[in-house]
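# Residue-level structure breakdown
Here is what each chain is made of, one letter per residue.
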Amino acid sequence: MPFYKQIIAHLNLDDPSQAEIYDEIIKAKEQRRWRPTFRNALRLYFSLKRGDISILLELFPNIRQQLMPPEDNNEEILELAKAIQTLAQNLATTETQPKPQLKPPMLSSPTTPMLDDLPDVEVTDAVPTNGEQIGANLLASFNLL
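Notes on the structure in this doc start here. Because the structure is predicted, anything quoted here is derived from the model rather than measured. (Residues numbered from 1 in each chain as written. Predicted model: local features only at pLDDT ≥ 70, side-chain atom pairs only at ≥ 80, totals over all residues. Heavy atoms only, no water.)

## So, the side chain of Ser47
As a reminder of what qualifies: Every helix listed is a DSSP run of H or I at least four residues long, and every strand listed is a run of E at least two residues long, numbered separately from the N terminus. Each residue is placed in one exposure class: buried if its accessible area under a 1.4 Å probe, protein chains only, is under 20% of its type's maximum, exposed if it is over 50%, and partly exposed if it falls in between. Nitrogen and oxygen atoms within 3.5 Å of one another constitute a polar contact, given that in protein one can donate a hydrogen and the other can accept it, and given that sequence-neighbouring residues count only through two side-chain atoms. The contact rule is simple, with two residues in contact once any of their heavy atoms fall within 4.5 Å.
Positionally, Ser47 belongs in helix H2 (residues 34-49). Given a relative accessible area of 0%, Ser47 falls into the buried group. In terms of polar contacts, Ser47 uses its side chain to reach the backbone carbonyl oxygen of Leu44, at 3.0 Å. Here Ser47 is in contact with Asp52 and Ile55, once residues within four sequence places are set aside.

## A closer look at the packing of aromatic side chains
Which entries qualify depends on this criterion: Only rings of Phe, Tyr and Trp enter the pairing, Trp through its six-membered ring, and a pair is recorded when the two centres are within 6.5 Å. The plane angle decides the type: under 30 degrees is stacked, over 60 is edge-to-face, the rest tilted.
One pass over the full model with this rule turns up two aromatic pairs. When the ring of Trp34 is compared with that of Phe38, the centres are 5.3 Å apart and the planes differ by 40°; the resulting orientation is tilted. Residue Trp34 and its partner Phe38 are located together in helix H2, separated by four residues, close to a single helical turn. On the basis of relative accessibility, which here comes to 27%, the residue Trp34 falls in the partly exposed class.

## Overview of H2
Helical periodicity: at 3.6 residues per turn, an α-helix aligns residues three or four positions apart in one direction. Keep this limit in mind: Working rule for helices: expected span equals 1.5 Å times residues minus one.
With 16 residues, H2 should reach 22 Å at 1.5 Å per residue; the first-to-last C-alpha distance of 22 Å fits that figure. Of the residues trailing H2, Gly51 is marked for its positive phi of about 90°.

## Regarding unusual backbone geometry
A positive phi angle, near 60°, is found at Arg32, a position not held by glycine. Relative to the helices and strands, Arg32 is located in the loop between helix H1 (16-30) and H2.

## Overview of H1
Between its first and last C-alpha, H1 extends 21 Å over 15 residues, near the 21 Å set by a 1.5 Å rise per residue. Among the residues making up H1, those that are buried are Ala19, Ile25 and Ala28. Two residues or fewer after H1 comes Arg32, characterised by a positive phi angle close to 60°.

This is how it looks when you write it as structure tokens:
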């Protein structure tokens, strides 16, 4: 006599994706397909998690053509693969070659202005003025420079 274990799963029916799973479970139970469906779902999940698509192709044989590249693109794919390999080889050879030492260009040192070259500045006590006078004074000071 087979030994069966019962598994209980909780689904949040407020979540649309989990409610959809629940509806599919009920349909499978009504058709007496729940146990094989559950087993196949877990087999598929764990095989895909390992990177193995054999269970996917076993359960859904019509998907094989969608996963395989079309025959007429094989030459194009091979050319792209060769181009990528060539680029990788070029990159590997340039990484092993010593890089030339670049010297920064010589910059001339900045010249400092002589104090005699600066305009005379008149310093006075600050007198409160309105905004127009402040703007006029600022513009006048720029004209001195």
